[in-house]
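Reading the structure
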Amino acid sequence: MRVITGSLRGKKLQTLAGLDVRPTTDKVKEAIFSIVHFDLPGAKVLDLFAGSGQLGIEAISRGASSCVFVDRSKDAVAVVRKNVSDCKIDGLVTIQNCDSLDYLRSSKNSFDIAFLDPPYEHGLVEKALALLEPKMNAGGIVVCEHESELELPEIIGRLRIRRKYSYGKKIALSVYQIEDGGNTSE
């Protein structure tokens, strides 16, 4: 697994081993970053259910100003720390080893872009979206990677679905955006 483009282009990233791990494929990662390309420079990013941290690191490589990585797995957090250290971006990131939903319940941070890639078939996307909505800044974008058969609601508070994409029979992306001009707490 490598950083695709930007200041860290070509940098090798470590990944977690095991059957429960499902790293985002290069094809899907390219699609995600085509969607948010123009919104990345200077953005505050959240990589929820971070795994290896590849989405947040790619965002930093492409000009995001900061990223918060959240994962409850100690092994995942260790891999994120290693990848962040190897990429020499420690000063731009915060790494939280906690349950992603608990993080959203307690955090005072707000974000411009959020990546959600939770374990499939646990109902976590829907729960996370509801908790994430008040944390998103005006115009904020939430990209959810999920199983293709999952039907997500069109509207969650100020979040409105902007587009859905399918990748093969198993993977889908749903992209939400805050459409109003109201800002959230900083």
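Here's what I pulled together on the structure shown here. Remember, it's a predicted structure, so these values are computed and weren't measured experimentally.

Cut-offs applied
- Residues numbered from 1 in each chain as written.
- Predicted model: local features only at pLDDT ≥ 70, side-chain atom pairs only at ≥ 80, totals over all residues.
- Heavy atoms only, no water.
- Pairing = 2+ DSSP bridges.
- Helix = DSSP H or I, 4+ residues; strand = E, 2+ residues; numbered from the N terminus.
- Contact = heavy atoms within 4.5 Å.
- Axes fitted to C-alpha atoms, helices over the stretch in contact; angles between N-to-C directions.
- Core = buried A, V, L, I, M, F, W, Y, C linked by side-chain atoms within 4.5 Å.
- Buried < 20%, exposed > 50% of the residue type's maximum accessible area, 1.4 Å probe, protein only.
- Salt bridge = Lys/Arg side-chain N within 4 Å of Asp/Glu carboxyl O.
- Parallel < 35°, antiparallel > 145°, perpendicular 65-115°, else oblique.
- Left-handed = near helix turned anticlockwise from the far one by under 90°.
- Nonpolar A, V, L, I, M, F, W, Y, C, P; charged D, E, K, R; others polar.

Here we take up the sheet that holds strand E7 (residues 159-167). Taken together, the 8 strands give an open sheet; going across it, the order is E3-E2-E1-E4-E5-E8-E7-E6, and neighbouring strands pair in mixed fashion. Two strands bound the open sheet, and with one partner strand each, they are strand E3 (93-97) and strand E6 (155-156). The pairing of strand E1 (residues 44-48) with strand E2 (residues 66-71) spans 5 bridges and is parallel. For Val45, the partnering residue across the bridge sits in E2 and is Cys67. Contacting strand E4 (111-116), strand E5 (136-147), E7 and strand E8 (171-178), helix H1 (residues 26-36) runs over the sheet at an angle of about 15° to E8.

With 36 residues, the main nonpolar core has Val36, Val45, Ile57, Phe69 and Phe115 as its most contacted residues. Per element, the largest residue contribution to this core is 6 residues, and it comes from H1. Non-local contacts of Val36, meaning those with residues more than four positions away in its chain, are made with Ile113, Phe115, Ile141 and Val143. Listed in part, the 26 residues of the second largest apolar core include Val68, Leu104, Leu116 and Leu150.

This model, assessed by the stated rule, comprises 6 salt bridges. Residue Lys82 pairs with Asp86 through a salt bridge whose shortest N-O separation is 2.9 Å. A residue pair is termed a helical-turn pair when its members lie 3 or 4 positions apart in one helix, as Lys82 and Asp86 do in helix H3 (residues 74-87) at 4 residues. According to the relative accessible area criterion, Lys82 is partly exposed, its value standing at 41%. Judged by its relative accessible area of 25%, Asp86 is partly exposed. Note that Lys164 and Glu151 form a salt bridge whose closest N and O atoms lie 3.2 Å from each other. Residue Lys164 is located in strand E7, and its partner Glu151 is located in the loop between E5 and E6; the two are separated by 13 residues in the primary sequence. We classify Glu151 as exposed; its relative accessible area is 60%.

Here we come to the environment of Val125. When you line up the elements, Val125 lands in helix H5 (residues 124-132). Between the C-alpha atom of Val125 and that of Arg2, which follows or precedes it by 123 residues, the distance is 26 Å.

What follows concerns the packing of H1 against helix H2 (residues 54-61). Closest axis-to-axis distance for the H1/H2 pair is 11 Å, and the angle between their directions is 45°. Considering the angle they form, H1 stands oblique to H2. In the packing of H1 onto H2, the handedness of the crossing is right-handed. Across the interface between the two elements, Lys29, Ile32 and Phe33 of H1 pack against Gln54, Leu55, Glu58 and Ala59 of H2. Grouping the amino acids of the contact of H1 with H2 by side-chain chemistry returns 4 nonpolar, 1 polar and 2 charged.

On to unusual backbone geometry, then. Despite not being glycine, Phe49 has its phi angle at roughly 60°, a positive value. Checked against the element boundaries, Phe49 lands in the loop between E1 and H2. Take Phe49: its relative accessible area is 14%, and that puts it in the buried class. Its identity as a non-glycine residue notwithstanding, Lys88 has a phi of 60°, on the positive side. Assignment of secondary structure puts Lys88 in the loop between H3 and E3. Residue classification places Lys88 among the exposed residues on the basis of a relative accessible area of 69%.

Attention shifts here to the pairing of E7. Sheet topology note: the E6/E7 ladder contains 2 bridges and is antiparallel. Along E7, the bridge assignment pairs Ile156 with Leu159. Pairing analysis gives 8 bridges linking E7 to E8, with the strands arranged antiparallel. Its bridge partner being in E8, Arg160 is matched across the sheet by Gln177. Here E7 folds back onto E8 in antiparallel fashion, the turn holding 3 residues, of which Gly168 has a positive phi close to 70°.

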